[in-house]
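In case you want the letters, here they are:
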Amino acid sequence: MTDCPDGAVRDLLPELVNDRLAPDVRRRVDAHVRDCADCQQEVELLRALRASLRRVSVMDVGTIVSAIPAYRAPRRSWGGWRAAAAIMLLAVGGTSVAVLQRENTAARDGGVSAVAPSGRGTSPIAQPSRAPTLPAIQHPAPELALGNPAIDELNDRELATLLAELETLEAFPSPDEDRSADLVVPSPAGTD
Amino acid sequence: MTDVADRADSRADQGTDDELIRRWKSGEQRAATLLVGRHADSVARFVTSLGVRDDVEDVVQDTFVRAFASIDGFRGESRLRTWLFTIARRLVLDARRSERWRGEQVEVQDGDARTDFDPLDAMVADEAERRMHGAVARLTPTQRQVFGLRVGEGMSYREIADAVGTTEGAARVHYHNAMRAIKELLDD
């Protein structure tokens, strides 16, 4: 048995015997096969092989179907909603922080300096730029007010002292100050 | 086993695979019967071509159970039959990997020149057909899978590549090598 030299048509013969060719392609292939003895032989062989291959066992449909569970629609997943809500919350929170930081920056550049003169204080609290931690903006006065629950218990004199001390504090570090040098990066043990 | 004649329903009357899936999801159990009847034998032939001997029916049943259980995962990007073949192949490979079937199944590799699998020998009376079965059985496992899908099912190379886990080009080469080998064996 010899092969037809038209490889493109020969490649379509399995689909021809399985009746899977588009009508226009089928007409073209049929026309070729009518005039090609090699392809006729191959089609004959393919039909015989197909019949032989398809004669394998017949499955028991009833047994298979009985093992198939009834359809259950996929459960509505609330996990996705939770994730979306969490993302939204983070986005809103992040935006709020950004807005607050912008406002703080604007305040530093403008009116706040008039309220809080930039004189260097003597209190350790007034040395934020020397802190061996991350150079986050510090707000010592609000922390004092809000973070100390006993502040209401101070008498007038103590409050006056506290206010006087606050007057000496630098309200905010200078925005132009390069503070990257303030970062203290711990050296790995044994390298110093 | 049932008789082929039991499934003489006209395919046109049954509806497309997608329609049957929709009907089954809406509670029509008969739609599942029609789908299984339409594809079970093809899946069985494919499983057989993978070298499974004694557990073909179990694998086919597992394939359908798995497919129907995850039917929402079928996006219709391929034919349902191709998707079923993919599931069946995965089941067979998983079973072999888990060694559950070790000793019962023959681990077939492409390097094997032939397999001793031919369940129809006893049933095939015709000498010419027996020779054809012998020729197909002598193909390498991958050639036999590709050849079975191409000639037995009429699948495109793209569909074969998806089902067998290879490339379109490789499927084409396997088919033509298989065809050449069969012709040589039959010409001897």
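How each quantity is defined
Residues numbered from 1 in each chain as written. Chains lettered and ligands numbered in written order. Predicted model: local features only at pLDDT ≥ 70, side-chain atom pairs only at ≥ 80, totals over all residues. Heavy atoms only, no water. Helix = DSSP H or I, 4+ residues; strand = E, 2+ residues; numbered from the N terminus. Buried < 20%, exposed > 50% of the residue type's maximum accessible area, 1.4 Å probe, protein only. Contact = heavy atoms within 4.5 Å. Areas by Shrake-Rupley, 256 points an atom, 1.4 Å probe, with all protein chains shown as cover. Phe/Tyr/Trp six-rings, centres within 6.5 Å; stacked < 30°, edge-to-face > 60°. Lys NZ or Arg CZ within 6 Å of the ring centre and 35° of its normal. Buried area = accessible area lost by both parts, 1.4 Å probe. Salt bridge = Lys/Arg side-chain N within 4 Å of Asp/Glu carboxyl O. Disulfide = S-S within 2.5 Å. pLDDT = per-residue confidence, 0-100.

(A) Main features of the overall build of chain A. Along its length, chain A carries 8 helices and 0 strands. The order of α-helices and β-strands along chain A, N terminus first, is α-α-α-α-α-α-α-α. Counting every position in chain A, which comprises 192 residues, the buried fraction comes to 24%. Taking the contacts inside chain A whose residues are at least 6 apart along the sequence as the reference set, 63% of them involve residues at least 24 apart.

(B) Layout of the overall build of chain B. Counting secondary structure elements, chain B contains 9 helices and 0 strands. Within chain B, the proportion of its 188 residues that are buried is 52%. For chain B, contacts bridging at least 24 residues in sequence account for 62% of all contacts bridging at least 6. About 9100 Å² of surface is accessible on chain B, with carbon and sulfur atoms providing 46% of the total.

(C) A look at the packing of aromatic side chains. Scanning the model with the defined rule gives 7 aromatic pairs over all chains in all. Consider the rings of A:Tyr71 and B:Trp24, whose centres lie 5.5 Å apart with planes at 65°: the pair is edge-to-face. Of this pair, A:Tyr71 sits in the loop between α4 (61–66) and α5 (79–109) while B:Trp24 sits in helix α2 (residues 17–25), on two different chains. The exposure class assigned to A:Tyr71 is partly exposed, which follows from its relative accessible area of 21%. Arranged with centres 5.1 Å apart and planes meeting at 35°, the rings of B:Phe74 and B:Trp83 form a pair that is tilted. Look at B:Trp83 and you get buried, because its relative accessible area is 16%. Ring pairing ties together the aromatic residues A:Tyr71, B:Trp24, B:Phe64 and B:Phe68, which thus form one cluster. The ring of B:Tyr157 has B:Arg150 sitting right over it, with the charged end atom 4.1 Å from the ring centre. A cation over a ring is seen here: B:Arg150 above B:Tyr175, with NZ or CZ 5.8 Å from the ring centre.

(D) Spotlight on the interface of chain A and chain B. In this assembly, 35 residues from chain A lie in contact with 49 residues from chain B. Of the roughly 3900 Å² buried at the junction of chain A and chain B (both faces included), carbon and sulfur atoms supply 63%. Contact with chain B buries surface across chain A, with A:Val58, A:Met59 and A:Tyr71 losing the most and accounting together for 18% of the total. Where chain A meets chain B, there are 6 salt bridges.

(E) Summary view of the side chain of B:Arg96. One can find B:Arg96 in helix α5 (residues 80–97). Exposure remark for B:Arg96: the relative accessible area of 16% places this residue in the buried category.

(F) Spotlight on the state of the cysteines. All names here are of chain A. If you walk through the whole model with that rule in mind, you get 0 disulfides over all chains. Not engaged in a disulfide, the cysteine cysteine 4 finds its nearest cysteine sulfur in cysteine 39; these two sulfurs lie 3.7 Å apart. The exposure class assigned to cysteine 4 is buried, which follows from its relative accessible area of 4%. Here cysteine 39 stays free of any disulfide, with the sulfur of cysteine 36 as its closest cysteine sulfur at 3.6 Å.

(G) Layout of the confidence of the model for chain A. All names here are of chain A. Summing up the model confidence of chain A, the mean pLDDT is 72 and the portion of residues at 70 or higher is 58%. The least confident element of chain A is helix α6 (residues 112–115), whose mean pLDDT is 46; the most confident is helix α2 (residues 23–34), at 96. Across residues 141–147, confidence stays below pLDDT 50; counting only partners more than four residues off in sequence or on other chains, it has 7 contacts. Within the model, the stretch residues 175–192 combines pLDDT values under 50 with 16 contacts to residues more than four positions away or in other chains.

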